[in-house]
Amino acid sequence: MPPETLTPERILEATEEVLRRYGPAKATVVDVARALGVSHGSVYRHFRTKTALREAVTARWLDRTSEQLAAIVTDEGPADDRLRRWLATLFEAKRHKAGDDPELFATYMTLIGESGGVVDRHVTDLESQLATIIEAGVAEGAFRAPSPATTAHAVFAATGRFHDPCYAAEWSRPEITADFEAVRDLVMRGLQG
């Protein structure tokens, strides 16, 4: 059987496993290459530097959430329902990442600290998704927002406790769901004006 073709996706999958096993401080490109059964030069042909590889794996991790949320943005239905689902889905996605695989979450927190541009692009994408929903709500007459982009930025900031990883320790507390729902309802009432 011929060997599997080395693709960026295969490298990123292997990198994630290596990071899970060794952590960001000890994981190397050589470890990734070894896991794939190739030379480290083969990995560098796809990712020019260790930093580029780490940024790509971080972006991939963040993009999973963005893609899940993008489906809600393009769904049919009233904007207020989509906004409620979008906020709840963002919170659940972040909470699951922190709770289901705490070692990998801790690893990504380190990588995110190194990859400011990747995080900035992620936040910009999420705020853009919010702005799209808010703009639809304004068009439907369900929301009042003079600037959907500014309002999206404010909504993202107002709900930060439920998606900003610096609050991850709070996400397992029993009252966090009620807290989230209270903030979400307050945001919704503010938009409905």
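Located above this text is the structure these notes cover.
Residues numbered from 1 in each chain as written. Predicted model: local features only at pLDDT ≥ 70, side-chain atom pairs only at ≥ 80, totals over all residues. Heavy atoms only, no water.

### Topic: the layout of surface pockets
Next, step 1: Approximately 230 Å³ is the volume attributed to the largest pocket.
Next, step 2: What lines the largest pocket is a set of 14 residues, and nearest its centre among them are Val-119, Val-123, His-163, Asp-164 and Pro-165.
Next, step 3: Elements supplying a minimum of two residues to the lining of the largest pocket: α4 (50-74), α6 (102-114) and α7 (116-140).
Next, step 4: Of the residues assigned to the lining of the largest pocket, the class counts are 10 nonpolar, 2 polar and 2 charged. (1 Å grid on protein atoms, 1.4 Å probe; cavity = no way out; pocket = protein on both sides within 12 Å on 5 of 7 lines; lining within 4 Å. Points joined across faces, edges and corners; volume = space filled by probe spheres on them. Helix = DSSP H or I, 4+ residues; strand = E, 2+ residues; numbered from the N terminus. Nonpolar A, V, L, I, M, F, W, Y, C, P; charged D, E, K, R; others polar.)

### Description of the packing of helix α5 (residues 79-100) against α7
In helix packing, the relevant descriptors are the interaxial angle and the interaxial distance, both defined with respect to the helix axes.
Next, step 1: At a minimum axis separation of 8 Å, α5 and α7 run at an interaxial angle of 160 degrees. As the angle between them shows, α5 and α7 are arranged roughly antiparallel. For the element pair α5 and α7, the recorded crossing hand is left-handed. Side by side, α5 and α7 meet where Ala-79, Arg-82, Leu-83, Trp-86, Leu-87, Leu-90 and Lys-94 of the first sit next to His-122, Leu-126, Gln-129, Leu-130, Ile-133, Ala-136, Gly-137 and Glu-140 of the second.
Next, step 2: Across the contact of α5 with α7, the residue classes tally to 9 nonpolar, 3 polar and 3 charged. (Axes fitted to C-alpha atoms, helices over the stretch in contact; angles between N-to-C directions. Parallel < 35°, antiparallel > 145°, perpendicular 65-115°, else oblique. Left-handed = near helix turned anticlockwise from the far one by under 90°. Contact = heavy atoms within 4.5 Å.)

### A few points about the pattern of salt bridges
Next, step 1: Using the criterion set out here, one finds 14 salt bridges in the structure.
Next, step 2: The partner of Glu-16 in a salt bridge is Arg-60, with the nearest N and O atoms 3.4 Å apart. Of this pair, Glu-16 sits in helix α1 (residues 8-22) while Arg-60 sits in helix α4, and the two are 44 residues apart along the sequence.
Next, step 3: Measuring nitrogen to oxygen at the nearest pair gives 3.9 Å for the salt bridge that ties Arg-173 to Asp-179.
Next, step 4: Its relative accessible area of 29% is what places Arg-173 among the partly exposed residues. (Salt bridge = Lys/Arg side-chain N within 4 Å of Asp/Glu carboxyl O. Buried < 20%, exposed > 50% of the residue type's maximum accessible area, 1.4 Å probe, protein only.)

### Focus: the packing of aromatic side chains
Next, step 1: Going through the model one piece at a time under the given rule, you end up with 4 aromatic pairs.
Next, step 2: The interplanar angle of 75 degrees and the centroid separation of 5.4 Å between the aromatic rings of Phe-91 and Phe-162 together place this pair among those described as edge-to-face. In this pair, Phe-91 is assigned in helix α5 and Phe-162 in the loop between α8 (148-158) and α9 (176-192), connecting sequence segments 71 residues apart. Here Phe-91 matches Phe-162 in class, with each residue buried.
Next, step 3: Taken together, the ring pairs connect Phe-91, Phe-162, Trp-171 and Phe-180 into an aromatic cluster.
Next, step 4: Stacked on the ring of Trp-61, the Lys or Arg Lys-97 has its end atom at 4.3 Å from the ring centre. (Phe/Tyr/Trp six-rings, centres within 6.5 Å; stacked < 30°, edge-to-face > 60°. Lys NZ or Arg CZ within 6 Å of the ring centre and 35° of its normal.)

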